[in-house]
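Letter by letter, the chains look like this.
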Amino acid sequence: MKSRWRSGLTAIAAVVSLTAAGCAGAGSFTSGGGDAVTIAIVSNSQMQDAIKLSPEFEKDNPGIKLKFVSLSENEARAKITASVATGGGEFDVVMISNYETPQWAENGWLTNLSDYMKKTPGYDEQDFIPSLQKSLSYQGSMYSVPFYGESSFLMYRKDLVEAAGMQMPPNPTWEQVRDIAVKLDKPGTQSGICLRGKPGWGEVLAPLDTVINTFGGRWFDENWNAELNSPETEKAVQFYVDLVRQHGEPGAATSGFSECATQLSQGNTAMWYDSTAAVSVLEDPTSSKVVGKIGYVPAPVETKQDVGWLYTWALGIPKTSTKPDAAWKFVSWMTNKEYIEKVGKELGWERVPPGSRLSTYEIPEYKKAAAAYGPPTLSAMEKADPEKPTVKPVPYTGIQFLTIPEFQDLGTRVSQQISAAVAGRISVHDALEQAQQYAEVVGKTYQEAK
């Protein structure tokens with residue numbers, strides 16, 4: 001199987017390297033020089049906070065200079081995959097997820113971090129949320145460590161639901177969510193719900209896959225027969241597309257996490273189903289208009305319960321790094337307990353990277369600030385089970401993605417079809433028929449490998 005991971009990811013890298021070359025000047029390059037530790041990082045808000053605080057690390061470690069390459073999610077995935085898969089060696093630290101980590105560890109592309117953790121006083125790797133720790137491990141060792149983790153839940157305006165004479169169930173079904181969206185939809189001023197429609201395996205497919213899972217659908221059956229055009233999958237996708245087209249945000253086909261975060265934080269939508277990490281935007285009093293007005297409930301269900309996804313932005317050290325010890329000093333600084341306390345005290349407790357360490361949820365100041373969203377975040381992450389993501393058995397692991405190397409390309413292609421259906425350019429049926437063809441090609445390679 002190792003050769004399969006290697007050939008699959010190398011093929012992907014060859015493709016994305018062409019894309020990455022076209023945006024070589026993208027992103028933010030900060031600090032450092034030729035001897036610096038170079039860190040490829042995603043330009044989300046929590047990561048920007050880390051860059052802001054990094055001079056304190058350099059002050060405490062005068063022999064280490066840092067150089068950040070800060071990129072959007074899609075650009076980061078492309079550049080990091082291209083570099084690591086081809087042994088480019090541009091980066092000493094890379095921000096990756098629980099999708100890449102076990103595959104790249106199997107290929108020998110990442111440094112085993114377990115020994116580093118054991119030798120670092122007070123680092124306490126057992127403090128990581130168990131589901132994340134497992135998802136970032138290969139053969140019992142961790143090959144990346146979580147900066148923040150997330151599951152998914154439904155966020156809603158408590159005041160608007162109450163004013164409409166309705167109640168949000170503590171564990172809503174998708175039909176109940178749809179009914180509330182219908183009531184709260186005010187065309188031209190406020191959408192009933194915001195859902196991702198933007199192409200990308202990490203965009204529209206993230207929430208949609210949980211809907212497919214709970215409706216009884218799956219990507220493949222136990223024998224790697226594609227099932228993207230099954231009745232259960234088509235029902236789920238049709239429901240999602242109808243909901244966002246009829247009661248969702250304007251421009252849904254180009255809306256991703258950032259766009260929906262803006263919609264809800266600025267009071268332009270009544271609900272949003274997405275990442276638990278969204279709280280750092282919604283509860284930030286410096287930018288959000290809805291602080292204290294949001295309620296949080298588990299991911300909506302149909303047949304399968306506990307369908308929230310599991311994801312983490314984590315830090316790994318490529319085997320090609322010539323400065324692994326210095327790289328680890330930075331990685332351990334950005335992912336330890338003290339860093340979490342530092343963010344809370346210096347930047348605000350609502351900006352603490354959530355969902356990585358159990359101890360975060362015992363900090364008195366954080367417990368108070370996160371009273372509404374902390375417990376549901378931790379509960380969703382602890383219940384997420386990537387090994388049993390669907391109603392029926394499947395040959396793959398992963399909830400909002402499939403942990404196979406082909407998924408980067410397959411997921412992107414399928415997401416483009418779904419986004420076209422959200423835009424109204426094609427029917428859901430036709431989108432899934434095309435998606436089925438893509439999936440059949442992948443499925444056959446696994447059937448032939450048996």
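Before reading further, recall that the structure is shown in the block above.
Criteria and thresholds
Residues numbered from 1 in each chain as written. Predicted model: local features only at pLDDT ≥ 70, side-chain atom pairs only at ≥ 80, totals over all residues. Heavy atoms only, no water. Disulfide = S-S within 2.5 Å. Helix = DSSP H or I, 4+ residues; strand = E, 2+ residues; numbered from the N terminus. Buried < 20%, exposed > 50% of the residue type's maximum accessible area, 1.4 Å probe, protein only. Salt bridge = Lys/Arg side-chain N within 4 Å of Asp/Glu carboxyl O. Phe/Tyr/Trp six-rings, centres within 6.5 Å; stacked < 30°, edge-to-face > 60°.

Colleague: So what exactly am I meant to see when it comes to the state of the cysteines here?
Modeller: Scanning the model with the defined rule gives one disulfide in all. The disulfide that involves Cys194 links it to Cys260, with 2.3 Å between the sulfurs. Residues Cys194 and Cys260 are joined by a disulfide whose S-S torsion is about -80°; by sign, that bridge is left-handed. Linking Cys194 in the loop between helix H8 (174–184) and helix H9 (205–214) with Cys260 in helix H11 (residues 257–265), this pair joins segments that are 66 residues apart in sequence. Judged by its relative accessible area of 0%, Cys194 falls in the buried class.

Colleague: Sorry if this is basic, but what is going on with the pattern of salt bridges here?
Modeller: Opposite charge on two side chains makes pairing possible when the charged atoms of those side chains draw close. Taken as a whole and judged by the stated rule, the model has 18 salt bridges. Notably, a salt bridge pairs Lys345 with Glu341, separated by 3.9 Å at the nearest N-O pair. Of this pair, Lys345 and Glu341 both sit in helix H14 (residues 337–347), four residues apart, which is roughly one turn of the helix. A salt bridge links Arg413 to Asp409; the nearest nitrogen and oxygen atoms lie 3.0 Å apart. Of this pair, Arg413 and Asp409 both sit in helix H17 (residues 407–422), four residues apart, which is roughly one turn of that helix. You can call Arg413 partly exposed: its relative accessible area is 37%.

Colleague: Before we go on, may I ask you to explain the packing of aromatic side chains in this structure?
Modeller: Each aromatic ring pair is summarised here by two numbers: the centre-to-centre distance and the angle between the ring planes. All told, the structure shown has 30 aromatic pairs when counted by the stated rule. Taken together, a centroid distance of 5.2 Å and an interplanar angle of 65° make the contact between Tyr123 and Trp328 edge-to-face. On the criterion of sequence distance, the pair formed by Tyr123 in the loop between helix H5 (114–118) and helix H6 (130–135) and Trp328 in helix H13 (residues 324–334) is long-range, its members being 205 residues apart. As far as the burial class goes, Tyr123 and Trp328 line up, both buried. An aromatic cluster of three or more residues is present, and its members are Phe57, Phe68, Phe147, Tyr148, Phe330, Trp333 and Tyr339.

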